[in-house]
Amino acid sequence: MNHQESLTAYIAAFVSELIFSGVTDVVVSPGSRSTPMAMIMAEHPNLNVHIHVDERSAAFFALGMAKALNKPVAILCTSGTAAANYFPAIVEARYARVPLIVLTADRPHELREVGAPQAIDQIHLYGSHVKWFSEMALPEKSDEILRYARTICARAVAIATSAPSGPVHLNFPFREPLIPKMDSDLFQLHERPNGFVKVHNGDLTITEEHFQEIAAKLSKASRGIIVCGNIVDDVFPEAVTRLAEILHFPILADPLSQLRSGNHSLENIVETYDTFLRNNDAKTFLKPDVILRFGAMPISKALTIFLKENSLADQYVIDGGGGWRDPSSLSTNMIFCKESLFCEKLLTYTIANDSADFLRNWIRINQLTKNQMASIRDITELSEGKLFYQLADILPEDGTLFVGNSMPIRDLDSFFLNNTKSIKVMANRGANGIDGTISTALGAALNSKSLYLVLGDLTFFHDLNGLIAAKLYNININIILVNNNGGGIFSFLPQSEHPKNFELLFGTPLGIDFAHAVKMFNGHFTKIENWDHFREEMQQAKNATGINVFELVTNRDINRDEHRKFWGLVSQEISNFVKGEQ
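Residues numbered from 1 in each chain as written. Predicted model: local features only at pLDDT ≥ 70, side-chain atom pairs only at ≥ 80, totals over all residues. Heavy atoms only, no water.

Notes on the overall build of the protein
Turning to step 1, where the next piece is worked out: Looking only at helices and strands, the protein has 22 helices and 18 strands in total.
Turning to step 2, where the next piece is worked out: Its C-alpha radius of gyration of 26 Å places the protein within 12% of the 25 Å reference for a compact globule of 582 residues.
Turning to step 3, where the next piece is worked out: Principal axes of the C-alpha set define a box for the protein whose edges measure 90 × 60 × 45 Å.
Turning to step 4, where the next piece is worked out: For the protein, the proportion of its 582 residues judged to be buried stands at 58%.
Turning to step 5, where the next piece is worked out: Sequence separation of at least 24 residues holds for 78% of the intrachain contacts in the protein that already meet a minimum separation of 6.
Turning to step 6, where the next piece is worked out: By element, 50% of the accessible surface of the protein is carried by carbon and sulfur atoms, the whole surface being about 23900 Å².
Turning to step 7, where the next piece is worked out: Averaged over its 52 positive side-chain charges, the protein has a centre that lies 2 Å from the centre of its 65 negative ones. (Helix = DSSP H or I, 4+ residues; strand = E, 2+ residues; numbered from the N terminus. Rg over C-alpha atoms; globule rule 2.2 N^0.38 Å. Buried < 20%, exposed > 50% of the residue type's maximum accessible area, 1.4 Å probe, protein only. Contact = heavy atoms within 4.5 Å. Areas by Shrake-Rupley, 256 points an atom, 1.4 Å probe, with all protein chains shown as cover. Lys, Arg positive; Asp, Glu negative; His and termini not counted. Charge placed at Lys NZ, Arg CZ, Asp CG, Glu CD.)

A short note on empty space enclosed by the protein
Turning to step 1, where the next piece is worked out: Taken as a whole and judged by the stated rule, the model has 2 cavities of 30 Å³ or more.
Turning to step 2, where the next piece is worked out: Lining the largest cavity, in full, are Arg 293, Met 297, Leu 307, Gln 315, Val 317, Asp 326, Pro 327, Ser 328 and Leu 330.
Turning to step 3, where the next piece is worked out: Grouping the amino acids of the lining of the largest cavity by side-chain chemistry returns 5 nonpolar, 2 polar and 2 charged.
Turning to step 4, where the next piece is worked out: Lining the second largest cavity, in full, are Thr 241, Ala 244, Ile 251, Ser 265, Leu 266, Glu 267, Asn 268 and Ile 269.
Turning to step 5, where the next piece is worked out: Looking at side-chain class alone, the lining of the second largest cavity contains 4 nonpolar, 3 polar and 1 charged residues. (1 Å grid on protein atoms, 1.4 Å probe; cavity = no way out; pocket = protein on both sides within 12 Å on 5 of 7 lines; lining within 4 Å. Points joined across faces, edges and corners; volume = space filled by probe spheres on them. Nonpolar A, V, L, I, M, F, W, Y, C, P; charged D, E, K, R; others polar.)

Considerations on the sheet that holds strand β18 (residues 547-553)
Turning to step 1, where the next piece is worked out: Strand order in the open sheet formed by 6 strands is β14-β13-β15-β16-β18-β17, and the pairing between neighbours is parallel. Each of the sheet's edge strands pairs with one partner strand only, and the pair in question is β14 (424-426) and β17 (524-527). Pairwise comparison of adjacent strand axes, ignoring direction, gives a mean angle of 20° for this sheet.
Turning to step 2, where the next piece is worked out: Pairing geometry for strand β13 (residues 400-403) and β14, over 3 bridges, is parallel. Pairing of Thr 400 across the sheet is with Lys 424, part of β14.
Turning to step 3, where the next piece is worked out: Lying over the sheet, helix α15 (residues 407-415) contacts β13, β14 and β15 (451-456), oriented at roughly 130° with respect to β13. (Pairing = 2+ DSSP bridges. Axes fitted to C-alpha atoms, helices over the stretch in contact; angles between N-to-C directions.)

Quick notes on the sheet that holds strand β1 (residues 25-28)
Strand pairing in a sheet relies on backbone hydrogen bonds, with the paired strands running either antiparallel or parallel.
Turning to step 1, where the next piece is worked out: Judged by pairing direction, the sheet is parallel, and its 6 strands sit side by side in the order β2-β1-β3-β4-β6-β5 without closing on themselves. Of all the strands in the sheet, just β2 (48-51) and β5 (132-135) have a single pairing partner and so form its edges. Mean inter-strand twist for the sheet, computed between neighbouring axes without regard to direction, equals 20°.
Turning to step 2, where the next piece is worked out: Pairing of β1 with β2, which is carried by 4 bridges, proceeds in the parallel orientation. Each bridged residue has a counterpart across the sheet, and for Val 27 the counterpart in β2 is His 50.

Side note on the nonpolar core
Nonpolar side chains tend toward joint burial in soluble globular proteins.
Turning to step 1, where the next piece is worked out: Phe 276, Leu 277, Trp 362, Leu 387, Leu 391, Leu 401 and Phe 534 are the most contacted members of the largest nonpolar core, which totals 62 residues.
Turning to step 2, where the next piece is worked out: Counting residues in each nonpolar core, the second largest holds 51 residues, with Ile 75, Val 98, Ala 441 and Leu 467 among its members. (Core = buried A, V, L, I, M, F, W, Y, C linked by side-chain atoms within 4.5 Å.)

So, helix α14 (residues 384-394)
Turning to step 1, where the next piece is worked out: Of all the 11 residues making up α14, 10 are buried; the element is thus mostly covered by neighbouring parts of the structure.
Turning to step 2, where the next piece is worked out: Within α14 the residues assigned to the buried category are Glu 384, Gly 385, Lys 386, Leu 387, Phe 388, Tyr 389, Gln 390, Leu 391, Ala 392 and Ile 394.
Turning to step 3, where the next piece is worked out: If you check the start of α14, you find a side-chain oxygen 3.4 Å away from the backbone N of Gly 385, and it comes from Ser 383. (Polar contact = N/O pair within 3.5 Å; in protein donor to acceptor, adjacent residues only side chain to side chain.)

Points about the pairing of strand β4 (residues 100-106)
Turning to step 1, where the next piece is worked out: In terms of burial, β4 is a largely internal element, 7 of the 7 residues being buried.
Turning to step 2, where the next piece is worked out: Of the two faces of β4, the one holding Leu 100, Val 102, Thr 104 and Asp 106 and the one holding Ile 101, Leu 103 and Ala 105 are both buried throughout.
Turning to step 3, where the next piece is worked out: Summarising the sheet, strand β3 (residues 73-77) and β4 pair through 5 bridges and their orientation is parallel. By the bridge assignment, Val 73 is partnered in β4 with Leu 100.
Turning to step 4, where the next piece is worked out: Across 7 bridges, the pairing between β4 and strand β6 (residues 167-173) is parallel.

Structure (structure tokens):
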């Protein structure tokens, strides 16, 4: 049996099983050693092949696709530093719990560590940042090796999608010649033609006795809160809001919890906590005895501090991925159970709480904060806080909002209020980096009705090359670029109190006219002049196609002062309210 037949049969069997296992999309970066896999993938009628020339951007593009589809996406590259460029996105996927099937081509064993070109050590290249690694066998056409290839494939997809989801890495050594034999019956499987092995993943749960025990304790709690961070579970909003209604617990909803937007009940959802939990009177008045926490750690530093300050409260962390999301070591109960299942089970055992005073206090302070927040409408200058305050009104129904890290995600947390538009909110909050933001958003946009990306100038610059995907695949995206000429978040950190080298080390002004870069990718660039202009452009953007970038030029120092002034005004009103209640 010749090499070409073995190479072809082996890869075709693997690719066939990839589709049987539920993978429909792969992002391929051109390269020589990955040639046989790429050519065979391109021939499969049920596999969508997306080409992206930059491996770093390609991996983030796949990450965005997987986040939007809520299913695994494969990435393929050649050997050497091409594989190393996947690393940032793999790290993000690991901590954000996003399933990626990472396929790297490699030199065969006899060409490793002997000075062969484009050969690096790819064994366990990503270390503990992947859930599983396998060094694949050299291609053969024997029944045993074809079964092996198909089994490894099914196993890899199953591991990537099992809770907690994440990336897996398969490394394929290929010998030359690299051109497969492209026959018409390329994907005809003689053994188990409908898939070799199906892996059945189940949801994590706890015993009925434990549910009953927890429900009994929560039914007696009169000062409880529910904290919801980033979570991917379509039925969770309905389940947790029903539980909150019975327990009379307020829900502190992070913008990535998908609870601030939608047709579920918004009655008990508190969204301005990042502002009023900066006030000591409010924190004392709203002190909880019980805390239920779902999803990733919340964005808000004020909320994180509040949780730390209530270390004596019973804190239940519910994690359907079986992780350990407790950086401050505050949990009294770590519960490995699917979040929506946990809420639904508790509903069957929980007795409705008679006391609603504590809940009413949270709702009243939340409303008081929103009343004060309305003063943002009077700001005439282009302002980062006012931008996010208006977003819920501006974005279309069923739109997707992707937000960059640093200040944008924090302003979203502070100023994006409850609404009924079913706006899906996304961000790269696994490792909280700014790299790959444009690429991830474009991957998500490929499978979204309409996507709006809001990010800062440093984040935009960091991933400019990612815009090529929009040009290649005619992806529609509206980008709101907040340009404060540097790292705005550092103005809120202690570094800002040391001005001598602040701009050099942290402010990092770029002074870039981004219009030229956007034009390079056939995009349309608009510099926003005032709020009326912004609203007009956003209205037209609902029907726009291609890349549309809207730049809002703001001032870092003015933005910092506006935030602090607002926090001060709200704090005074809350203190007056609390003292009047005591």
